[in-house]
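# Topology and contacts: notes
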Amino acid sequence: MFAHLVLFEIEPKQVRAYRKDCKMWASYARKHKGFLEYSTVRRLEYKNQFASVYAWKSKKNHDAFMNKLHDWLVSKSKAKVKVLAYYNFNAIDKISAAK
């Protein structure tokens with residue numbers, strides 16, 4: 001599994017638009033090969049910080065999605081956000097509650 005996380009600073013008046021944008025991005029990602037899941041999270045103990053977290057079967061699947069749709073989705077997004085950081089993770093162990 002490959003995870004991509006983008007950390008944003010978002011003013012309170014932009015949160016609604018950001019969440020709507022996130023749902024739009026996730027709806028396109030959902031249709032793309034290798035997509036596993038998406039989460040919008042709020043960073044605890046940090047004011048106005050949120051992250052978009054995508055899980056993919058592989059980095060190759062993520063890269064194909066980004067190469068095809070990233071710029072177009074940015075142009076469609078309405079929220080004014082400040083990107084603080086990008087993080088990429090490869091799973092090395094996975095344990096789930098499912099048996």
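To start, this report covers the structure provided alongside it. Note that this is a predicted model, so its numbers are computed, not measured. (Residues numbered from 1 in each chain as written. Predicted model: local features only at pLDDT ≥ 70, side-chain atom pairs only at ≥ 80, totals over all residues. Heavy atoms only, no water.)

## Observations regarding the environment of Leu 44
Note the following rule: Going along the chain from the N terminus, every DSSP run of H or I of four or more residues is numbered as a helix, and every run of E of two or more is numbered as a strand. Three labels apply to residues, based on accessible area from a 1.4 Å probe with only protein chains included: buried if under 20% of the type maximum, exposed if over 50%, partly exposed otherwise in between.
Considering the arrangement of structural elements, one finds Leu 44 in the loop between strand S2 (35-42) and strand S3 (49-56). Given the relative accessible area of 67%, Leu 44 is considered exposed. For the pair formed by Leu 44 and Ser 96, sequence separation is 52 residues and the distance between their alpha carbons is 24 Å.

## Points about the packing of aromatic side chains
The relative placement of two aromatic rings is captured by the distance of their centres and the angle of their planes. Inclusion rule: Stacked, tilted and edge-to-face are the three classes assigned to paired rings of Phe, Tyr and Trp, where Trp is represented by its six-membered ring and a pair needs centres within 6.5 Å; plane angles under 30 degrees give stacked, over 60 edge-to-face, the rest tilted. Counted as over-ring charges are cases with an Arg CZ or a Lys NZ within 6 Å of the ring centre that also lie within 35 degrees of the ring normal.
Applying the stated rule across the entire model yields seven aromatic pairs. Geometrically, the ring pair formed by Tyr 28 and Trp 72 is edge-to-face, given 5.2 Å between the ring centres and 80 degrees between the ring planes. With Tyr 28 in helix H1 (residues 15-30) and Trp 72 in helix H2 (residues 59-76), this pair connects stretches of sequence that are 44 residues apart. A residue is classified by how much of its surface remains accessible, and Tyr 28, at 28% relative accessible area, is partly exposed. Of the residues examined, Trp 72 reaches a relative accessible area of 37% and is grouped as partly exposed. Taking the centre distance of 5.3 Å and the plane angle of 35 degrees together, the rings of Trp 56 and Phe 65 count as tilted. Taking the relative accessible area as the measure of exposure, Trp 56 reaches 0% and is therefore buried. Assessed through its relative accessible area of 1%, Phe 65 is described here as buried. Following the ring pairs from residue to residue traces out a cluster consisting of Phe 8, Tyr 18 and Phe 50. Over the face of the ring belonging to Tyr 28 we find Lys 31, whose NZ or CZ atom lies 5.2 Å from the ring centre.

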